[in-house]
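Here is what each chain is made of, one letter per residue.
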Amino acid sequence: MSYGPDFAHSFRRAAAYVDRILKGTNPADLPVEQSSRFELAVNLKTAKALGLSIPGALLVRADEVVQ
């Protein structure tokens, strides 16, 4: 399993930062942002190899399930 920031969303936010800098905003004046979107990925093949069972409720909430 992996739980971490949504990198695609982070890259889009970085593009917005670059846009503001190119429009003349001083980088020191920009606020520091933390990720607000996270994603959960579950690898069932690895879980099975380790002898783990993943509850169905967790699989429903996962953003990505690797068979």
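Everything that follows concerns the structure shown earlier in this document.
From a predicted model like this one, the values you see are computed outputs, not experimental measurements. (Residues numbered from 1 in each chain as written. Predicted model: local features only at pLDDT ≥ 70, side-chain atom pairs only at ≥ 80, totals over all residues. Heavy atoms only, no water.)

## A word on the overall build of the protein chain
Point 1. Summing up its helical and strand segments, the protein chain has 3 helices and 3 strands in all.
Point 2. Starting at the N terminus and ending at the C terminus, the protein chain contains elements arranged as β-α-β-α-α-β.
Point 3. Against the globule reference of 11 Å for 67 residues, the protein chain gives a C-alpha radius of gyration of 18 Å, more extended than a compact globule.
Point 4. Each of the three principal axes of the protein chain carries a C-alpha extent, and together these read 55 × 15 × 15 Å.
Point 5. Looking at the protein chain as a whole, 12% of its 67 residues qualify as buried.
Point 6. Sequence-distant contacts, at least 24 apart, represent 51% of the contacts inside the protein chain between residues at least 6 apart. (Helix = DSSP H or I, 4+ residues; strand = E, 2+ residues; numbered from the N terminus. Rg over C-alpha atoms; globule rule 2.2 N^0.38 Å. Buried < 20%, exposed > 50% of the residue type's maximum accessible area, 1.4 Å probe, protein only. Contact = heavy atoms within 4.5 Å.)

## Overview of the packing of aromatic side chains
Point 1. Applying the stated criterion across every chain, the model contains 1 aromatic pair.
Point 2. Taking 5.7 Å as the distance between ring centres and 20° as the angle between the ring planes, the aromatic pair formed by Tyr3 and Phe38 counts as stacked. One end of the pair, Tyr3, is in strand E1 (residues 2-5); the other, Phe38, is in strand E2 (residues 38-43), and 35 residues separate them in sequence.
Point 3. For Tyr3, a relative accessible area of 62% translates into the label exposed.
Point 4. The class of Phe38 is partly exposed, set by a relative accessible area of 43%. (Phe/Tyr/Trp six-rings, centres within 6.5 Å; stacked < 30°, edge-to-face > 60°.)

## With respect to the sheet that holds E1
By definition, the strands of a sheet pair up through backbone hydrogen bonds, in either a parallel or an antiparallel sense.
Point 1. With mixed pairing, the 3 strands of this open sheet are ordered in space as E1-E2-E3. Because the sheet does not close on itself, it has two edges, and the strands there are E1 and strand E3 (64-66). Averaged over neighbouring strand pairs, the angle between their axes works out to 20° when direction is ignored.
Point 2. By the bridge criterion, 4 bridges tie E1 to E2 in an arrangement that is antiparallel. The residue of E2 that forms the bridge with Gly4 is Glu39. (Pairing = 2+ DSSP bridges. Axes fitted to C-alpha atoms, helices over the stretch in contact; angles between N-to-C directions.)

## Quick look at the pairing of E2
Point 1. With 3 bridges joining them, E2 and E3 adopt parallel strand pairing. Note that in E3 the partner of Asn43 across the bridge is Val66.

## Structural notes on the pattern of salt bridges
Point 1. Taken as a whole and assessed by the stated rule, the structure comprises 2 salt bridges.
Point 2. Notably, a salt bridge pairs Glu33 with Arg13, separated by 2.9 Å at the nearest N-O pair. Of this pair, Glu33 sits in the loop between helix H1 (7-22) and E2 while Arg13 sits in helix H1; the two residues are 20 residues apart in sequence, bridging distant segments of the chain.
Point 3. Accessibility expressed as a relative area gives 38% for Glu33, which makes it partly exposed.
Point 4. Between Asp19 and Lys23 there is a salt bridge, with the nearest N and O atoms lying 3.3 Å from each other. (Salt bridge = Lys/Arg side-chain N within 4 Å of Asp/Glu carboxyl O.)

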